[in-house]
Amino acid sequence: MIGKACETDSMTSRKPDLLNLERDIPTTPEDIRALRENRPQRGEDWLNQLTRLSQQIPNLEEVIRRRGTFKGCEPFKL
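Residues numbered from 1 in each chain as written. Predicted model: local features only at pLDDT ≥ 70, side-chain atom pairs only at ≥ 80, totals over all residues. Heavy atoms only, no water.

Participant: Just to check I follow, could you spell out the overall build of the protein chain for this structure?
Facilitator: Regarding its fold elements, the protein chain presents 5 helices and 0 strands. Along the protein chain, helices and strands appear, N-terminal first, in the series α-α-α-α-α. By residue count, 0% of the 78 residues in the protein chain fall in the buried class. As displayed, the protein chain offers around 8600 Å² of accessible surface, 58% of which is attributable to carbon and sulfur atoms. (Helix = DSSP H or I, 4+ residues; strand = E, 2+ residues; numbered from the N terminus. Buried < 20%, exposed > 50% of the residue type's maximum accessible area, 1.4 Å probe, protein only. Areas by Shrake-Rupley, 256 points an atom, 1.4 Å probe, with all protein chains shown as cover.)

Following this line, the structure appears as structure tokens:
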């Protein structure tokens, strides 16, 4: 009897519900505006894109200044 119950349970599993964008990912008009403003431009130069992304990091100059270096390590040759 137990074996039969397991077989029945595995056969009655229902299919996963498909993603419904309107129901599952609600967005506000402000969200849509922000997404459109920050959409990557086709053919955009990678350097311009990188610069734009780096501008979003607060205190970037301080982060760069405080990053670790290899000072005191043995030099290596390729």
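Once the structure has been displayed, the description carries forward.
Participant: Would you explain a nonpolar patch on the surface in this entry?
Facilitator: There is a patch of nonpolar side chains on the surface, built from Leu 19, Leu 21 and Ile 25 and spanning about 320 Å² of accessible area. Within the secondary structure layout, Leu 19 lies in the loop between helix 1 (2-11) and helix 2 (21-24). (Patch = residues over 30% accessible without salt bridge, like charges linked within 9 Å, V, L, I, M, F, W, Y side chains within 5 Å. Salt bridge = Lys/Arg side-chain N within 4 Å of Asp/Glu carboxyl O.)

Participant: Would you explain the pattern of salt bridges in this entry?
Facilitator: When their charged atoms lie close together, side chains carrying opposite charge are able to pair. Evaluated as defined, the whole model comprises 4 salt bridges. Between Asp 24 and Arg 23 there is a salt bridge; the shortest N-O distance is 2.7 Å. Classification of Asp 24 by relative accessible area gives partly exposed; the value is 35%. Arg 23 sits in the partly exposed class, given a relative accessible area of 47%. For Glu 62, the salt bridge identified is with Arg 66, shortest N-O distance 3.7 Å.

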